[in-house]
Amino acid sequence: PNEMDAQALALMTNPSLTPISAGADSAQGIVWISLDPRRGSLHCYPREVAALLESGLQSGQPSVPIGGVASFSPGVFVDFSTGRFSQSTPNRGFRDVRRLLVSPGETRLSLQRLQEGVWRIADDFVAPGITSEVSVPLTASDILTVADVSSTAAATSLVEQTQSATSGAEGLWEWCRMAEPRLEELDQLPASCWGVYTEEQNQEIENAFQAKLCSVEICIGIRTFEVVFDGHGRARQLDKKVNKRRFVRRRLMTSAEVQAARGSPAKKRFDSTDDCPICCSSFAETPTLPVVRTPCGHLFHGACVREIADKNDACPCCRAEVNWCTTFRK
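Per chain, residues are indexed from 1 in the order of the written sequence. This being a predicted model, a pLDDT of at least 70 is required before a residue's local features are given, and a value of 80 or more before pairs of side-chain atoms are given or counted; all residues contribute to the totals for chains, interfaces and linings. Calculation of side-chain values draws on the structure's entire complement of heavy atoms; hydrogens and water are dropped beforehand.

J.: Where do I start with the overall build of the chain in this structure?
T.: If you tally the helices and strands in the chain, you get 8 helices and 18 strands. Exposure categories follow from relative accessible area, calculated using a 1.4 Å probe and restricted to protein chains: below 20% of the type maximum is buried, above 50% is exposed, and the middle band is partly exposed. When the 330 residues of the chain are sorted by exposure, 44% land in the buried category. It only takes one pair of heavy atoms within 4.5 Å for two residues to be counted as in contact. Considering only contacts within the chain whose residues lie at least 6 apart along the sequence, 53% involve residues at least 24 apart. For the chain, the exposed area adds up to about 16,600 Å²; of that, 50% sits on carbon and sulfur atoms. Helix and strand assignments come from DSSP, with helices taken as H or I runs of at least 4 residues and strands as E runs of at least 2, each series counted from the N terminus. The Shrake-Rupley method, run with a 1.4 Å probe, gives the accessible areas here. Residue values count only the displayed protein chains as cover.

J.: Can you help me understand helix α2 (residues 47-58) in this one?
T.: Because each turn of an α-helix spans 3.6 residues, side chains separated by three or four positions in sequence point in the same direction. By this rule, a helix spans an expected 1.5 Å times one less than how many residues it contains. The end-to-end C-alpha distance of α2 is 16 Å, a good match for the 16 Å that 12 residues give at a rise of 1.5 Å each. The set of residues buried in α2 consists of Val49, Ala50, Ala51, Leu52, Leu53, Glu54, Ser55, Gly56 and Leu57. Phi turns positive, to about 80 degrees, at Gly60, one or two residues after α2.

J.: What exactly am I supposed to notice about the packing of aromatic side chains here?
T.: The relative placement of two aromatic rings is captured by the distance of their centres and the angle of their planes. Two rings belonging to Phe, Tyr or Trp (six-membered ring only in the last case) form a pair when the distance between their centres is within 6.5 Å. Interplanar angles under 30 degrees mark stacking, angles over 60 mark edge-to-face geometry, and anything in between is tilted. Inspection of the entire model under this criterion finds 7 aromatic pairs. Where Trp32 meets Phe80, the ring centres are 5.7 Å apart and the plane angle is 35 degrees; that geometry is what we call tilted. One end of the pair, Trp32, is in strand β1 (residues 29-35); the other, Phe80, is in the loop between β4 (77-79) and β5 (86-89), and 48 residues separate them in sequence. Like Phe80, Trp32 is buried. Each ring, one from Trp173 and one from Phe209, has its centre 5.3 Å from the other, and the planes form 70 degrees; the classification is edge-to-face. Of this pair, Trp173 sits in strand β11 (residues 170-176) while Phe209 is found in helix α5 (residues 199-210), placing the two residues 36 residues apart along the sequence. Phe209 carries the same exposure label as Trp173, and that label is buried. One aromatic cluster is present, built from ring pairs that chain together Trp32, Phe80 and Phe85. Only when the NZ atom of a Lys or the CZ atom of an Arg is both within 6 Å of the ring centre and within 35 degrees of the ring normal do we say a charge sits over the ring. The ring of Trp194 has Arg249 lying over it, and the distance from NZ or CZ to the ring centre is 4.1 Å. Over the ring of Phe77 we find Arg250, and its NZ or CZ is 5.8 Å from the ring centre.

J.: What is the right way to look at the sheet that holds strand β7 (residues 108-116) in this model?
T.: Sheet strands associate in pairs through backbone hydrogen bonding, adopting either a parallel or an antiparallel arrangement. Strand order in the open sheet formed by 3 strands is β8-β7-β9, with antiparallel pairing between adjacent strands. Every other strand in the sheet has two partners, leaving β8 (118-121) and β9 (131-137) as the edge strands with one partner each. Taken pair by pair, the neighbouring strands of this sheet meet at an average axis angle of 45 degrees, ignoring direction. Two strands form a pair only when DSSP identifies at least two bridges running between them. Pairing between β7 and β8: 4 bridges, direction antiparallel. Its bridge partner being in β8, Gln115 is matched across the sheet by Trp119. Comment: axis = line fitted to C-alpha atoms, over the contacting stretch for helices; angle = value between 0 and 180 degrees taken between N-to-C directions.

Structural measurements only, silent on function.
Encoded structure:
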């Protein structure tokens with residue numbers, strides 16, 4: 001998938017995504033819809049948002065920001081990168097998005113859904129007792145015609161407006177402090193359950209994400225982790241050495257919001273001369289890395305001492321016995 005652009009991948013995974021051409025039927029309608037993951041209800045995107053999404057898809061963009069258009073809040077975007085489109089909303093999670101073709105005169109749109117903790121669009125899968133039908137009424141304001149998009153004037157204007165509104169946004173990657181939460185719980189977790197990467201680590205992850213790579217390796221303390229993308233602004237941080245994983249998410253934020261999310265630097269919590277005894281890095285220079293203090297008074301980066309803790313070994317500095325479960329919960 002790294003070698004394909006968003007449109008090519010979308011066309012392979014969904015044959016209904018017919019590119020616009022000069023010979024296209026101008027009476028054919030295009031509807032962009034989303035499924036509420038909690039309520040299971042179907043919603044049509046407003047015409048101006050549909051034009052924005054259609055323009056982005058046809059031009060091969062991997063994602064389209066729609067925050068500030070119609071009633072959408074800042075930071076909302078629709079991801080095209082996997083072919084199974086999704087909308088990402090800061091602090092509220094993801095929902096399935098689809099592009100459907102409708103015939104002239106259609107007044108209602110129906111599709112199949114299924115519940116996997118949250119409601120998902122079932123596409124062509126139909127199974128009694130597993131999937132159910134959901135529908136939404138169609139109005140003229142919901143339907144985008146091929147002629148509308150071919151003219152591109154309105155869509156181009158909306159693209160420029162939206163890009164201007166989101167030009168200062170940055171991608172902030174956060175890792176889940178809970179080791180194995182259920183997937184359906186992720187959207188409800190409070191901010192305290194999410195940690196942030198260092199600026200350098202965040203940039204490495206963001207660069208890989210923008211380059212449409214499948215994964216990227218990052219160093220945290222003395223440890224190396226693999227961040228594997230799932231194509232929806234989410235990923236998993238894999239620790240292959242101890243066979244553990246954590247969920248990772250991406251949020252679009254302003255520079256000020258990013259700095260606020262990073263919180264107070266570690267040098268305010270520890271003496272500036274304190275270093276992690278394992279990686280020898282200063283806590284003041286690694287403010288986003290969690291630090292644990294043992295009952296014997298020694299400080300370590302959580303990532304650096306994790307393997308020792310998993311083996312339930314003694315403190316590496318003084319060999320005192322340590323209840324690592326309690327230590328990591330403090």
